[in-house]
Structure formats: structure tokens, C-alpha cells
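# Breakdown of the fold
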Amino acid sequence: MNIYPWQFDLWKRLAESRGRLPHALLLRGRGGVGKFDFALQLAKSLLCQTPTTDGYACDACPSCGWFAQNNHPDYRLLTPEQDAVSSEDDVPAAPAAKSGKKSQISVVQIRELGSFLELSSHRSGGLRIALIHPAETLNAASANALLKMLEEPPSDVIFILVSHQPQRLIPTIISRCQKIDMPVPTRDIVLQWLNEKGVKDAVQRLDYAGGSPLSALNDAAGDGKQLGEVWQMLSRGAKLDPFLAAPLCVAPGMEIAIHALQKWIYDLINCRLTGEVRYHGQHTSALQALTKSVDLGLLLDFQRKLDEARKTASHPLNNELQLEGLLLQYTQMFSTQT
């Protein structure tokens, strides 16, 4: 994989300034548009011994081979969870304390990076690359340790920071990076790309992904059929059977189930207040019908309940029983429908 169609212009600009890149880049933008994949390709191309005329890695030299095997001597990737890096930028994550996964980039990792940067490049005159993703997971100690490196950067080192929440970075780190706003693709470009990838119901998938092309692509390979049945059940409002719906909802996983309910409730509230639907365009008529019988106060209370449930979604509770309770509360928000 090279880069996505909506990134071509940015790639061309960076390729033309390949020899004049600053010591630190901050790739920032919304989740799900391919920032991390772009950063990987940029790192790979900068380390490549024989890049193509348009700046891509050759995929044939020893450097490209090392990079593909995740053991390039001049490259380091820092993430909160070193064994679970995903190109998907905005997949909902469970709370770290419950799942056991690390939620921050630690100061130990930054110190280890410092030791790496004290070494000379494996190739004479070559670059060393440090890719940090997502940069907003730096804690106070690790951010300050990184800042010292950015203030006095080693020679022939390029830091690439990737962030979809740059407001969480300390201002002094941002000020020492060249800020690159990652392009957000137009709807037409994304739909064409999804169709080329063989995604069925591309419009529906893209709506449900909130306009994120990578989320839409990943969802297409997931549990779309089951979610479709869930939406049909939710459309029944007060007539929904919680005991039949709960097993279906929980089948893809508790986190996915809660996230799906949150999106449905978001659209129900939005439809009730503004008449607009963001995630479930194909169910607009059903949502409009539900707004006629829903109690707005109960609806907002239910939204808060889902926010709380999201925080404990990976807790080893009886998930089906918990969902039954939530769905029962869902039915009670509506007046009896005929």
C-alpha cells in the first residue's frame, strides 16, 4: 500500500521538499483519514536507499526489507500499545485500567528513544526516524522528556508525530514541529474509493462511520449484517423486545454494542431537535417516527447512561444481562405506539 487518493497532493508537496524537511513534523487531523498510514509510508520512503522519482519507497532495497520486517535499525515507533498498532484512527478503545492495555506513552519509552538517537545512523549519511502515534498519549513526564529532544534535536533525525487530538499536546511541543493538516476527503472521493474496494452499501457504511473512510472500510468487513438487524429492532421503539434484542446486540462485542447504541441515540436526539440524521440516513423515516413518541428528558438520561456503560464496556460482567436492562430502559422512553 502506498497512500490514499485524497493524500496525493500532500505527498507530492512533501516529496518535492524531501531534502529540506524540518527535524519534527506534526501530522494532525480528524480520525479515520489515514494519518498513521501516511506517516508509515513517509518514514519508509525517507529511509529508502533508492526512492522512486515521485518519492515512494522502492520496496526492493535492504532498507525497505528491514522496514517491512519491523526491524529497521534506524527507525523507532512509539505507541501506547506496542503490540496492537492499527491503521484505524478512531476505533473506540476500552478503558486501559479494565483491559490491561497501556493508555500512555511512558517516560521510559522516551528515554529508550533517547538512547537510540545517541547512536549513529546504520547507513553513512542516512536518516533516523522516530514515529510517535498517537502523540496525545504522551503523559506529562514523557512529553517533557520529548520536548528536550525537540529543543536540541540530534543531527539527521526526523520526528514524526501523529495526532487526531492535537489540543492535548503541550504547546511547546507543537511550536517545535512543522504542523501539517492532513486532508479530509470529499464524500465523492471516498465513495468512489469504497466502491473500488468492493464495499457494498458504501453510502450507508460511510454515514455510519461519521464520514471516516477507514472506519467505513473496516466496518464493511465486520458485523454489518448483525448491526442492520439491531437497527431494525431499535426502530420498533416501545415494541422492541429487550430479551430478543440483547443477544443480537452483544454478539459483535459489548464495546461495539454500546457504541452502536450511542450512535443511534445521537441520531434520535439530533432528529428530535433539528430534524437531521448523521449516522443512519437509511433509517431517517424510522427515526422521525420515533421522535413523535419519545420523551426528551428520558432520552437525554438514557444518553448519559450509555456514556457510563461505555466506560465499563470491557468489564467482565454479564454483558447480555446488562444490555437487557439498557434496552428495557430504551423501550420505556416511548409512549405506547399503535
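Residues numbered from 1 in each chain as written. Predicted model: local features only at pLDDT ≥ 70, side-chain atom pairs only at ≥ 80, totals over all residues. Heavy atoms only, no water.

A separate point is the environment of Thr172. Considering the arrangement of structural elements, one finds Thr172 in helix H7 (residues 171-175). Thr172 sits in the partly exposed class, given a relative accessible area of 34%. (Helix = DSSP H or I, 4+ residues; strand = E, 2+ residues; numbered from the N terminus. Buried < 20%, exposed > 50% of the residue type's maximum accessible area, 1.4 Å probe, protein only.)

Moving on to the confidence of the model for the protein. For the protein, mean pLDDT is 89; residues scoring 70 or higher make up 90% of the total. Put simply, helix H4 (residues 96-99) is where the protein has its lowest mean pLDDT, 39, and strand E1 (residues 24-28) is where it has its highest, 98. Contacts of residues 82-100 to residues separated by more than four positions or lying in other chains number 45 contacts, the stretch itself having pLDDT below 50. (pLDDT = per-residue confidence, 0-100. Contact = heavy atoms within 4.5 Å.)

What follows is about the packing of helix H13 (residues 254-274) against helix H16 (residues 319-331). In helix packing, the relevant descriptors are the interaxial angle and the interaxial distance, both defined with respect to the helix axes. For the pair H13 and H16, the least separation of the axes is 11 Å and the interaxial angle reads 10 degrees. One element, H13, and the other, H16, form an angle in the roughly parallel class. Between H13 and H16, the contacting residues are Met254, Ala257, Ile258, Leu261, Trp264 and Ile265 on the first element and Asn319, Gln322, Leu323, Leu326, Leu327 and Tyr330 on the second. For the contact of H13 with H16, a count of residues per class yields 10 nonpolar, 2 polar and no charged. (Axes fitted to C-alpha atoms, helices over the stretch in contact; angles between N-to-C directions. Parallel < 35°, antiparallel > 145°, perpendicular 65-115°, else oblique. Nonpolar A, V, L, I, M, F, W, Y, C, P; charged D, E, K, R; others polar.)

An α-helix turns once every 3.6 residues. As a result, residues three or four positions apart point the same way. Of all the positions in helix H12 (residues 242-250), only Pro242, Ala245, Ala246, Leu248, Cys249 and Val250 are classed as buried. The N-cap of H12, judged by a side-chain oxygen 3.0 Å from the amide nitrogen of Phe243 a few residues on, is Asp241. (Polar contact = N/O pair within 3.5 Å; in protein donor to acceptor, adjacent residues only side chain to side chain.)

Moving on, we come to the pattern of salt bridges. In total, this model carries 6 salt bridges according to the counting rule given. Arg187 is the salt-bridge partner of Asp207, the closest N and O atoms lying 2.9 Å from each other. Of the two residues, Asp207 is situated in helix H9 (residues 202-208) and Arg187 in helix H8 (residues 187-196); the sequence distance between them amounts to 20 residues. With relative accessibility at 40%, the residue Arg187 sits in the partly exposed group. (Salt bridge = Lys/Arg side-chain N within 4 Å of Asp/Glu carboxyl O.)

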